[in-house]
Amino acid sequence: MKRIIAIDGPAAAGKGTLARRLAITLGLPYLDTGLLYRGVGRRVLDGGGNPADPSTAEQAARALQPVDLERTDLRGPQADAAATSVASVPGVRVALLAFQRAFAERDGAVLDGRDIGTVIFPDAPAKLFVTASLDERARRRWLELRAKDTEVDLATVAADMRRRDDRDAARTAAPLRAAADAYCLDTTEMDAEAAFNVALTVVTTRLSASGLD
């Protein structure tokens, strides 16, 4: 068994920050699996296709290359919408399954996404489900956008996030939910340091219990 840490949760809950820091601390590779769907969405848009079209999205997923994850245009409203659309296509998720598993099965890894602990690595020895209230997540995303000189209303950010939460939870292909054996970490009232300390304690305890310390 490899040291595989599965971190799931909704947008702006803090899972990416936690995952990157855990990977550095534990000396493990890190994969933001959301970039896979953003990369697929961008490939579809580059070809003038519709990200919601299953055939087009699946073809783009099968053609995805590691270099696609290094693009500088994988963030923003257009990329967000395209990623959400392709992620709802079952064939896309199947096409990307092997990519994610191959990444972690050699040396172990920290992966964050929305279905890591439930679908990609259901037997991972350490799982976290990182969440926060909608209001707090919207505030965090709004501050991020303001820091990038993007003018947007907080209420609009919250409404967009609510719609995305609903789509993620309702989709038939790998809906967003906490794995039964995941530790649920609510970061609403936590700063980044406090959240990291709790996450590190949970992860190292579970790895140790699996003989992987």
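Residues numbered from 1 in each chain as written. Predicted model: local features only at pLDDT ≥ 70, side-chain atom pairs only at ≥ 80, totals over all residues. Heavy atoms only, no water.

1. Topic: the overall build of the chain
And then number 1: What the chain contains, in helices and strands, is nine helices and five strands.
And then number 2: For the chain, the N- to C-terminal ordering of α and β elements is β-α-β-α-α-α-α-β-α-β-α-α-β-α.
And then number 3: A compact globule built from 213 residues should have a C-alpha radius of gyration of about 17 Å, and the chain, at 17 Å, falls within 12% of that.
And then number 4: Sorting the 213 residues of the chain into buried and exposed places 46% on the buried side.
And then number 5: Considering only contacts within the chain whose residues lie at least 6 apart along the sequence, 77% involve residues at least 24 apart.
And then number 6: With the model as given, the accessible surface of the chain reaches about 10400 Å², and the carbon-plus-sulfur share is 52%.
And then number 7: Computed over 29 positive and 30 negative side-chain charges, the inter-centroid distance for the chain is 2 Å. (Helix = DSSP H or I, 4+ residues; strand = E, 2+ residues; numbered from the N terminus. Rg over C-alpha atoms; globule rule 2.2 N^0.38 Å. Buried < 20%, exposed > 50% of the residue type's maximum accessible area, 1.4 Å probe, protein only. Contact = heavy atoms within 4.5 Å. Areas by Shrake-Rupley, 256 points an atom, 1.4 Å probe, with all protein chains shown as cover. Lys, Arg positive; Asp, Glu negative; His and termini not counted. Charge placed at Lys NZ, Arg CZ, Asp CG, Glu CD.)

2. Here's the deal with the environment of V94
And then number 1: Position of V94 relative to the elements: it lies in helix α5 (residues 90-105).
And then number 2: You can call V94 exposed: its relative accessible area is 61%.
And then number 3: Placed 41 residues apart in sequence, V94 and D53 show a C-alpha to C-alpha distance of 16 Å.

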